[in-house]
Amino acid sequence: MSNVLVMGSGGREHAVCYALKKSKRVDKLFCVPGNAGIAEIATCKGISVFDFEGIYEFAKENDVDLIFVTPDDPLAKGAVDFFNARGMRAFGPTAAAAKLESSKAFSKDFMVRHGIPTAKSMIFDSAATALEFLSKTNYPVVIKADGLALGKGVLICADEGEAKKAIDELMIDKAFGEAGSRVLIEEFLSGREVTVMAFIDGKSISLMPSSQDHKRAYDGDKGLNTGGMGAFAPSPYFTDEKKSEFMQKIALPTVRGLIEDGIEYKGVIYFGLMMTKDGIKVIEYNSRLGDPETEAVLPLLNSDIMVIIDACIDGTLDKTDVKWSDKTGFTVVVASGGYPSNVIKGFEIKIGKLNDVILFHAGTAIKDGVLVTSGGRVFELSGVADSLEDARKLVYGQIDKISFKDSRYRTDIGRV
Ligand code: AMP
Ligand code: GLY
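Quick caveat, the model's predicted, so the values are computed rather than measured.

1. Comments concerning the layout of surface pockets
In step 1: In this structure, the second largest pocket occupies an estimated 330 Å³ of space.
In step 2: Among the residues making up the lining of the second largest pocket, the classes are represented as eight nonpolar, three polar and four charged.

What follows is the structure in structure tokens.
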């Protein structure tokens, strides 16, 4: 039996805790800092995910055997390296492996060197050369900040005017700080997007069901990009034929490439894919579980998650049976009114009786004994059913039982 500590505070972390709570190998469950929903199933402690020393001390005091490092920033800053150096088991890639997400220039170079299909791209370290290139190229183009920018450092530009504005914002005004001191200018890909997440143990990979998230704030894919407004799994567009193309051309070459480069990658790897008319291409790697994809995918897991985590760390994933339900998982984000640009927090939340759904908390807190909103994404309401349509009905049939001032959600998850 293990005592496990999960780092993070969103709906994804709640879904991870929910899966760990079901494990026969897990004794005590902790989460830092957690949220009001996670606190119902784990002991939460208000320590920042960047305070590695504080987390380590808390873990030691509580006989924690394993730390699950969930969010991208602590992974990029070397949380797993930090804990491992102190003899603590940790689940997630090291900083060197997490660079596949934390530097888009690094991951682009990795893909090109290992022949993994991706958008053509050029790297620029100076605004002047980027602008010169933009005066000669074809449109649309995609401009990306090299570093982590909360999913907001990607700008799709229809013409030179928009592209110049994007360079101003990223490289001159430094809207995302140092993340934008280097940019990639990339060929625009069109097609259907699909997410494939996988467990990886350094040598082999085990795919989770495919999924699709909806990044724009409003129905019909309108409004600003967000962290994600809802998701479903599996994606009906990711057929067996696509899956085998993905395995042969992308997943296996990625694992081989990591081994060739001497990077030992253990944890979860996320492939953001575009199914173009010229085949599947990688838009991005993430070094962690996606949010909200996880809230749709993990409820489909029929195996003990802790067995899989142990297998990833111990390098025995190829000998581990990972079972998934063939049903559909579905999740809708209930967000604060102004999300993603102007979030007002602290509204009281009322929740009616929910049946056969799972309510994952994202931005919630308890204030003076009352459940209140404390973030942009407040809940993810998830359900599992035999078909996408049934799962939609199950979740949307109950979502109005959650209420707080100015709450909103997209009504077309799974429809676009
Ligand atoms: P990323 O942070 O790289 O995943 O990009 C965020 C979103 O921007 C993706 O989910 C896509 O919708 C879009 N995107 C990124 N790169 C491209 C591209 N080369 N062509 C078209 N859309 C893209
Ligand atoms: N939902 C996209 C992500 O987690 O990056």
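Still more ground to cover, so stick around.
2. Quick notes on the site of ligand 1
In step 1: Taken together, 15 residues surround ligand 1, and among them Glu186, Glu187, Leu189, Glu193 and Glu284 come closest.
In step 2: Between ligand 1 and Glu186 there is a distance of 3.0 Å, counted from a nitrogen atom to a side-chain nitrogen or oxygen.
In step 3: A total of 470 Å² of accessible area belongs to ligand 1 in isolation, and the protein chains cover 92% of it.
In step 4: If you list the elements that add at least two residues to the shell around ligand 1, you get β7 (141–145), β8 (154–157), β9 (183–187) and β17 (279–286).
In step 5: For the shell around ligand 1, the per-class residue count stands at eight nonpolar, no polar and seven charged.

3. Examining the pattern of salt bridges
In step 1: As enumerated under the stated definition, the model contains 27 salt bridges in all.
In step 2: Asp318 is the partner of Lys319 in a salt bridge, and the nearest nitrogen-oxygen pair spans 3.8 Å.
In step 3: You can call Lys319 exposed: its relative accessible area is 68%.
In step 4: Measuring nitrogen to oxygen at the nearest pair gives 2.9 Å for the salt bridge that ties Arg410 to Asp412. The exposure classification of Arg410 matches that of Asp412, with both residues buried.
In step 5: Beyond isolated ion pairs, a larger network of salt bridges with shared partners links Arg25, Arg89, Asp310 and Asp314.

4. Comments concerning empty space enclosed by the protein
In this approach the atoms are scanned with a rolling probe the size of a water molecule, which exposes any empty space left behind.
In step 1: Tallied over the full model, the rule gives two cavities of 30 Å³ or more.
In step 2: Lining the largest cavity, in full, are Leu100, Glu101, Lys104, Ser107, Lys108, Met111, Lys144, Leu184, Glu186, Ile283, Glu284 and Tyr285.
In step 3: Elements supplying a minimum of two residues to the lining of the largest cavity: α5 (95–102), α6 (104–113), β9 and β17.
In step 4: When residues of the lining of the largest cavity are assigned to their parent elements, the largest contribution, four residues, is made by α6.

5. Focus: the sheet that holds strand β23 (residues 377–385)
In step 1: Strand order in this open sheet of five strands is β12-β15-β18-β23-β20, and the pairing throughout is antiparallel. Each edge of the sheet is formed by a strand with only one pairing partner; in this case those strands are β12 (212–213) and β20 (358–361).
In step 2: Contacting β20 and β23, helix α1 (residues 11–21) crosses the sheet at an angle of about 125 degrees to β20.
In step 3: Relative to strand β18 (residues 328–335), helix α12 (residues 388–396) is tilted by about 35 degrees, and along the sheet it contacts β15 (230–233), β18 and β23.

The rules behind these values
Chains are numbered independently. Their residues run from 1 in the order of the written sequence. Written order determines the labels here, with chains lettered from A and ligands numbered from 1. Where local features are concerned, this predicted model is filtered to residues with pLDDT of at least 70; where side-chain atom pairs are given and counted, the filter is 80 or more; whole-chain, interface and lining totals use all residues. Calculated side-chain values reflect all of the structure's heavy atoms, with hydrogen atoms and water omitted. Any residue with an atom within 4 Å of a point lines the site, the site being either a cavity, points on a 1 Å grid over the protein atoms alone where a 1.4 Å probe fits but cannot get out, or a pocket, an open set with protein on both sides within 12 Å along at least 5 of 7 lines. Grid points are joined across faces, edges and corners, and a volume is the space filled by probe spheres set on the points. The residue classification treats Ala, Val, Leu, Ile, Met, Phe, Trp, Tyr, Cys and Pro as nonpolar and Asp, Glu, Lys and Arg as charged. All others, Gly included, are polar. One heavy atom within 4 Å of a molecule or strand is enough for the residue carrying it to be called near that molecule or strand. Here a polar contact means two N or O atoms within 3.5 Å. Within protein one must be a hydrogen donor candidate and the other an acceptor candidate, and residues neighboring in sequence count only if both atoms are side-chain atoms. Throughout, the Shrake-Rupley method with a 1.4 Å probe supplies accessible areas, and for residues the shown protein chains are the sole cover considered. Secondary structure elements are defined from DSSP: runs of H or I of at least 4 residues count as helices, runs of E of at least 2 residues count as strands, and each element is numbered from the N terminus. Salt bridges are identified by distance alone: a Lys or Arg side-chain nitrogen within 4 Å of an Asp or Glu carboxyl oxygen. Throughout this description, buried means an accessible area under 20% of the type-specific maximum (1.4 Å probe, protein chains only), exposed means over 50%, and partly exposed covers the range between. What makes two strands pair is DSSP finding at least two bridges between them. Working rule for contacts: check all heavy atoms of both residues, and any pair within 4.5 Å makes them a contact. Axes here refer to lines fitted to C-alpha atoms; in helices the fit is confined to the stretch in contact. Angles between the N-to-C directions go from 0 to 180 degrees.

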